[in-house]
Amino acid sequence: AVQVMVDGNLDNTDADYDGKYFASTCYNSEMGMNLGEMISAERDHVVIFSLAACEAALKAGKYKKYNGVPVLDGRKGSELTRYIPVPKSPHGMNTSPNGKYFVANGKLSPTVSVIAIDKLDALFANKIKPRDAIVAEPELGLGPLHTAFDNKGNAYTTLFLDSQIAKWNVEEAIAAHN
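Residues numbered from 1 in each chain as written. Predicted model: local features only at pLDDT ≥ 70, side-chain atom pairs only at ≥ 80, totals over all residues. Heavy atoms only, no water.

## What to know about the pairing of strand S2 (residues 9–15)
- For S2 and strand S3 (residues 21–27), the ladder comprises 5 bridges, and the chain directions are antiparallel. Its bridge partner being in S3, Asn9 is matched across the sheet by Tyr27.
- From the end of S2 to the start of S3, which pair antiparallel, there are 5 residues, and Gly19 there has a positive phi angle of about 75°. (Pairing = 2+ DSSP bridges. Helix = DSSP H or I, 4+ residues; strand = E, 2+ residues; numbered from the N terminus.)

What follows is the structure, encoded as structure tokens:
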């Protein structure tokens, strides 16, 4: 129905439970053409999309059509998106079951980035800086890919290179980050 043009290559996406925001991990923010160029920056980003802003832009005709598909411009500086810098080459994007956090998994960093969804209104209102939405960034091991959650506040992140699963507590990670 519609696409949004962004900077970099998007990987995985998840949405908040209110249908207000969705987030995608983005690797190759450098827009490199070979592996060395694609992993040269220490940070890539998570792109946060405002569904209301995208719908309003579509309704207002603020798009270009490519092969009959409306394409919105969500590149850096757009009112439709915000780019949150996170460690190198994030992969999985998972929403916590309580709906409070997006968790971006680092892949080429030992960290996961915990993004507070309740800070996204302030981010889109330009009242905080993008990194201010990150409330924790625990180091878990080599190659975090995806995170699942239990009903006790724990997260379980697969570590590709370590060939294991790391169990960690979300609120404890936030407390340690603060």
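That covers the picture; the talk isn't over yet.
## Looking at the packing of aromatic side chains
- In total, this model carries 2 aromatic pairs according to the counting rule given.
- On the basis of an interplanar angle of 5° and a centroid distance of 4.6 Å, the ring pair of Phe22 and Phe49 is categorised as stacked. Here Phe22 is found in strand S3, whereas its partner Phe49 is found in strand S4 (residues 43–50), with 27 residues between them in sequence.
- The exposure class assigned to Phe49 is buried, which follows from its relative accessible area of 3%.
- Cation over ring: Lys107 sits above Tyr27, and NZ or CZ is 5.4 Å from the ring centre. (Phe/Tyr/Trp six-rings, centres within 6.5 Å; stacked < 30°, edge-to-face > 60°. Buried < 20%, exposed > 50% of the residue type's maximum accessible area, 1.4 Å probe, protein only. Lys NZ or Arg CZ within 6 Å of the ring centre and 35° of its normal.)

## Comments concerning the sheet that holds S3
- In space, the 4 strands of this open sheet follow the order S2-S3-S4-S7, with antiparallel pairing throughout. Single-partner strands in this sheet number two, and they are S2 and strand S7 (81–87). Strand-to-strand, the axes of this sheet are offset by a mean angle of 25°, without reference to chain direction.
- Bridge count for S4 against S7 is 7 bridges, and the pairing is antiparallel. Within S7, the position partnered with Ile48 by the bridge is Arg82.
- Packed on one face of the sheet, helix H2 (residues 51–59) meets S3 and S4 and runs near 65° to S4. (Axes fitted to C-alpha atoms, helices over the stretch in contact; angles between N-to-C directions. Contact = heavy atoms within 4.5 Å.)

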